[in-house]
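Structure assessment
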Amino acid sequence: MITIEGFLSDDSCARIKKEIAKVPFEDGLKTAGVRMAANVKRNLQMDPVKGQHITDELKTFILNDKRLKETVYPKDIGRIFINRYDPGMEYGIHSDAPMMGALRTDLSFTLFLEDPSEYDGGDLVMHYSHGTVTAKPPKGAIVLYSTGVMHRVEKVTRGSRLACVGWIQSFIREESKREILRELNFVKANYITRNGHDFLADLFLKNVGNLERLWSE
Ligand SMILES: O=C(O)CCC(=O)C(=O)O
Ligand SMILES: [Fe+2]
């Protein structure tokens, strides 16, 4: 799981929430498909047609963000929704669809739009083979995880949990390769901050670039 706090600024969150407030919500079951999710999905989703300008703006922002480019290499977004859990709503354990239209889903994300002090429950819980990992970050944070991982959203007991969720096809299909590139990019950025863009930095860049060429699809 990757968390990027401050992915959206407080001002952007506030502006987007104002826009969302003008759009009606409908039963989330409408998009649950044929998987297990249909039995366990109890939430609301923004009307995708009336709110398309909002999800289009978020999609463009997410696909062009430099921090995401160097961590998960997004190629395209298969689907993007705004969802809301009011008291009593939850999303039981499930896995997400592997394909959305012509796109493969490599990563799922939740972009949290509500501050955790405004609601109780609503934790996003990922069930890895080594145990569970829970996320309830500040508003503006984005949490990304491999789409193959089983996950759930705990029942909200106070307030409303508002978020943008979506699915990314990455240029790099495998998480093990994305992790290598992510950490090499981290080392590169720190090296250049300390030493400037010298010959070693450029040799490093060349090799990261060659790995990207070998692995991207
Ligand atoms: O609301 C969330 O954070 C996750 C929603 C989810 O798992 C889904 O829509 O498939
Ligand atoms: Fe899901």
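So, how was this worked out
- Residues numbered from 1 in each chain as written.
- Chains lettered and ligands numbered in written order.
- Predicted model: local features only at pLDDT ≥ 70, side-chain atom pairs only at ≥ 80, totals over all residues.
- Heavy atoms only, no water.
- Axes fitted to C-alpha atoms, helices over the stretch in contact; angles between N-to-C directions.
- Helix = DSSP H or I, 4+ residues; strand = E, 2+ residues; numbered from the N terminus.
- Parallel < 35°, antiparallel > 145°, perpendicular 65-115°, else oblique.
- Left-handed = near helix turned anticlockwise from the far one by under 90°.
- Contact = heavy atoms within 4.5 Å.
- Nonpolar A, V, L, I, M, F, W, Y, C, P; charged D, E, K, R; others polar.
- Expected span 1.5 Å × (residues − 1).
- Buried < 20%, exposed > 50% of the residue type's maximum accessible area, 1.4 Å probe, protein only.
- Arc of directions from axis to C-beta.
- Donors = N, O, S within 2.8 Å, 3.2 Å for Na, K, Ca; no water.
- Domains from an automatic or database assignment.
- Buried area = accessible area lost by both parts, 1.4 Å probe.
- Salt bridge = Lys/Arg side-chain N within 4 Å of Asp/Glu carboxyl O.
- Polar contact = N/O pair within 3.5 Å; in protein donor to acceptor, adjacent residues only side chain to side chain.

**Thoughts on the packing of helix 5 (residues 175-195) against helix 6 (residues 199-215)**
Two elements in contact, helix 5 and helix 6, have axes separated by 11 Å at closest approach and are oriented at 160°. In this view, helix 5 runs roughly antiparallel relative to helix 6, as classed from their interaxial angle. For the pair helix 5 and helix 6, the crossing hand works out as left-handed. Along the contact surface, helix 5 presents Lys177, Ile180, Leu181, Leu184, Asn185, Val187, Lys188, Tyr191 and Ile192, while helix 6 presents Leu200, Ala201, Phe204, Leu205, Val208, Leu211, Glu212 and Trp215. Partitioning the contact of helix 5 with helix 6 into residue classes produces 13 nonpolar, 1 polar and 3 charged.

**Some remarks on helix 6**
The first and last C-alpha atoms of helix 6 sit 24 Å apart over 17 residues, in line with the 24 Å expected at 1.5 Å per residue. Among the residues of helix 6, those classed as buried are Ala201, Val208, Gly209 and Trp215. Buried residues of helix 6, seen end-on, are gathered within an arc of 135° and therefore sit on one face of the element. Among the exposed residues of helix 6, those oriented more than 90 degrees off its buried face are Phe199, Leu200, Arg213 and Leu214.

**Focus on the coordination of the iron ion (ligand 2)**
Around the iron ion (ligand 2), the protein contributes the donor atoms His94 (NE2), Asp96 (OD) and His151 (NE2), which lie 2.1 to 2.2 Å from the metal centre. Mapping the donors of the iron ion (ligand 2) onto the primary sequence gives the spacing H-x1-D-x54-H. In this structure, His94 and Asp96 share a single accessibility class: buried.

**Some points on the domain arrangement of the protein chain**
Under the domain assignment, the protein chain is made up of domain 1 (2-170) and domain 2 (175-215). One C-alpha centre belongs to domain 1, the other to domain 2, and the line joining them spans 30 Å. On the side of domain 2, 7 residues touch domain 1, which itself brings 9 residues to the contact. When domain 1 packs against domain 2, close to 660 Å² is buried across both sides, 46% of that on carbon and sulfur atoms. Of the charged contacts, one joins Lys188 and Glu70 as a salt bridge, the two residues approaching to 3.1 Å between their closest N and O atoms. The interface formed by domain 1 and domain 2 contains 5 residue pairs in polar contact (both at pLDDT 80 or more). At 3 residues, helix 4 (residues 66-72) tops the list of elements feeding residues into the side of domain 1 that touches domain 2. Here the residues of the side of domain 1 that touches domain 2 are counted per class, giving 4 nonpolar, 3 polar and 2 charged.

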